[in-house]
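Here are the chains, one letter per residue:
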Amino acid sequence: GRDPQCDVVIPVPTVSRQHLQLQHRGGHWMATDLGSTVGTRRQGTLLRAREPVPLMHGDQLDLGASVLAAVEIEAETAPAAVTAIDDAGQVGEVTSIPQASTDRLLAHVLTASRAIGQATTEADIWANAARAMAEASGLGVSSAAVVQVDEDGRVESLSSHGSRSHSWSRRAIANAVSKPGQTAVFERGGDSTSDRATMMADSQYVACHAPMLAHAGGTLVLCAEGRAALGDGRANFTHFLGLVSELASQAVLQVRRARIARYVSPSVAAMLVRGGENTLETTPQWRHAACMFLDLQGFSTMVDRDESALPEVHEQVRSTMDALAKTVFAERGMVVDFTGDGLFAAFGVPAPMEGHVGASVRAALAARAVAPASRVGLDAGRCLFGPMGARQHAKLSLFGTVVNRASRLESLGRPERLAGGVLCTAAVANDPSSRTSAQFVRVGMVQPAGLAEPVEVFEAFVLDSLPEAVVQAVETTSRELETARTADALSAIAQAIDGDRHPRLAWLAARARTLAGDSTPWDGVHRLGK
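A.B. asks: Could you give an account of the sheet that holds strand β7 (residues 68–70), with specific residues and numbers?
C.D. replies: Spatially, β4-β3-β6-β7 is the arrangement adopted by the 4 strands of the open sheet, whose pairing is antiparallel. Two strands in the sheet have a free side with no partner beyond their single neighbour: β4 (45–46) and β7. Across 2 bridges, the pairing between strand β3 (residues 41–42) and strand β6 (residues 60–62) is antiparallel. Residue pairing for β6: R41 is matched across the bridge by D62.

Laid out in C-alpha cells, this is it:
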C-alpha cells in the first residue's frame, strides 16, 4: 500500500494506505483486499473486501491507476512423473470427496459466473473458467486447464491453474472432443480398457468437457484433475464442470456477438458466433461480394455555413445512419464503415449468401427511400475480404477494383455529372437476382476517374415504377449517343428527345448538346472529370 510501513510501498495517490495483504498459509499464497478505496482486481475480477483468495502463478493484480502486479510463484517441488492409470503406485492416503450440498454447488456456480462475466476477451473467459474450477473448494480439484485441440489432434494448453502444471491425458481429451457437450470422467481403478487414461501418479481422476461451440483454432476442452477420489460426489462434480463450461460458452457468444453485431445483421451475427468464425483475425480471403457506397447530400454544406449547428447536424446524421444501417441489415448485409455523412456496405460477406447482388440493389433502393437526397454506387465481383489497415489497428473491410468502382459511381451521381440516384455496373444490372428486384435503365459507357477501363453504367429504379416504353427509349438513345460522331448527329439526338420529362432522357439530351458544341472528338465514352 501507500503507507511507508508496508512491506511493499506503492507511492501512488489512488492506492490505499493499506491496500492489499499477501500471506502464505496452508501451502498457498493468499491475497486479501483490505477494504481499499478503488478495490483490487485479479484477472479483471473484483476481489471482495477482506475475503482472502488463493494466488496462482501468472496472476495479475490490478490496484487501479495503472498499478499492475504480476504474480510469480516458484514451484517448491518438481511435478510428479506422468504414469498410466493402471500404475499401482499411489502417493499418500486417498480420500473421497463428500457429497456437496445444493447450496454449496450453487455458491460455486455463482462464483464462476461472476469471474467469467467480468472477462472481456475469449481468452480471459476461459482462463477464469479454469480458475473457478481450480478454486472450487470441496470438489477435490487440484488443477484445471483449458486446452486447444487442432484438426491434426495436437494439444496446446491455453491456460492452466492449480497447485501444479502438467500434461493432460490425451485419451480423456479425445473422449471429450468426440462427445461435445458431455463430460468425460476417468477415475483410477477403471474396470475396462476404455475406462483408462494417463494421469499423474497421485491423481485419482481426470475429467474433460468440450463445449458445443466452434473455435477458430480447433476444439476447446476444459480439463480438471484431483488427488481425492470422487466417490459419491461424481455426479455433482460432473454437473459443475458442465455448468462452468456452458457459462463460459455463453459469455464467449456474447463477446463475439458484440464484436460483429455493429457490422452485420442479427441473423448473420448469430450464425457466425455459433460457427466460431472470427474474421477479424484471419488472413483476407477472395470472396464474391456486392459493394454499396452511399453519400448524404447537404449535410457538409450545413456544417460549413454555420459551425454552431454542428451538434444538431451530427445528431441528424446519426439518426439517418441508424435508419440506413437497418436497410442494410434487413437484406443480411454488412456495414463496413461510416465515412462522415456516407456509408460503405457489402453483401455476401462475411457469410456467403445466395442472391446477394439482388439484396444490395433492394437495400440501395430502400436506403434512397429513407434518404431521398442521397447518391448510391453499386458493383459486384471478386474482392479481398478480411482485416485491412495496420497490423495493430485493423478493421474488417474489402479491397479491390469492385470497391473502387462502386465508390466512383457514387461520386458520379452528382447532378453535374451523371445525375443519378442509384448507379450500378452491368455486373449488378444483369444479375438474375437483381432483375427480380428492380428496373434498370442504361446510362452509357463512362470512364470513372482513377480507373483504367470504362464502365457500362446503369441506373436502378423501384421494380415496375417505369413504363417499359421509357426503359426502351433510354436504352435506344444511350446507344445512339455512343455511336454518333458528328455535331449534326449529336444535335439530332438532342432535338429528338428534347422536352421529355423523364430525368434520364433529359440528361441524355443535355449531354448530346454539350458534346455537339465541344471541339474534342467524341469516342462514345463519357468523361466527366473528378
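A.B. asks: Got a sec to walk through the environment of V474? Specific residues and values, please.
C.D. replies: Summarising the element assignment, V474 is placed in helix α12 (residues 468–483). For V474, a relative accessible area of 0% puts it in the buried group.

A.B. asks: Break down the nonpolar core for me, citing the residues and quoting the values.
C.D. replies: Counting 37 residues, the largest nonpolar core has M292, L324, V328, F347, L378 and F440 as its most contacted members. Here L378 is in contact with C291, M292, S360, V361, A364, A406, L409, V422, L423, C424, T425 and V428, once residues within four sequence places are set aside. Among the nonpolar cores identified, the runner-up in size contains 35 residues, and L139, L220, L222 and A248 belong to it.

A.B. asks: Residue-level account of the pairing of strand β9 (residues 143–149), with values.
C.D. replies: In the case of a regular strand, side chains alternate between the two sheet surfaces. Judged by how many residues are buried, β9 sits mostly within the fold: 7 of 7 residues are covered. The pairing of β9 with strand β10 (residues 155–162) spans 7 bridges and is classified as antiparallel. Opposite S143, over in β10, you have G162 as the bridge partner. A loop of 5 residues connects β9 with β10, the two strands running antiparallel in sequence, and G153 in this loop sits at a positive phi of about 85 degrees. Bridge analysis of β9 against strand β14 (residues 219–226) gives 7 bridges, and the strand direction is antiparallel. Along β14, the bridge assignment pairs Q148 with L220.

A.B. asks: How would you explain the packing of aromatic side chains if you had to name every residue and give the values?
C.D. replies: Overall, the coordinates contain 2 aromatic pairs when judged by the stated rule. An angle of 65 degrees between the planes, with centres 5.0 Å apart, marks the rings of Y205 and F237 as edge-to-face. Highlighted residues: Y205 in strand β13 (residues 205–209) and F237 in helix α4 (residues 234–260), separated in sequence by 32 residues. Just as Y205 is buried, F237 falls in that class too. With 4.2 Å between their ring centres and 10 degrees between their planes, F293 and F344 make a pair best called stacked. Of this pair, F293 sits in strand β15 (residues 285–296) while F344 sits in strand β17 (residues 342–347), placing them 51 residues apart in sequence. Judged by relative accessible area, which is 6%, F344 ranks as buried. Taking the ring centre of W286 as reference, the NZ or CZ of R382 above it sits at 4.4 Å. A cation sits over an aromatic face here: R504 above W507, 5.1 Å from the ring centre.

What counts and what doesn't
- Residues numbered from 1 in each chain as written.
- Predicted model: local features only at pLDDT ≥ 70, side-chain atom pairs only at ≥ 80, totals over all residues.
- Heavy atoms only, no water.
- Pairing = 2+ DSSP bridges.
- Helix = DSSP H or I, 4+ residues; strand = E, 2+ residues; numbered from the N terminus.
- Buried < 20%, exposed > 50% of the residue type's maximum accessible area, 1.4 Å probe, protein only.
- Core = buried A, V, L, I, M, F, W, Y, C linked by side-chain atoms within 4.5 Å.
- Contact = heavy atoms within 4.5 Å.
- Phe/Tyr/Trp six-rings, centres within 6.5 Å; stacked < 30°, edge-to-face > 60°.
- Lys NZ or Arg CZ within 6 Å of the ring centre and 35° of its normal.

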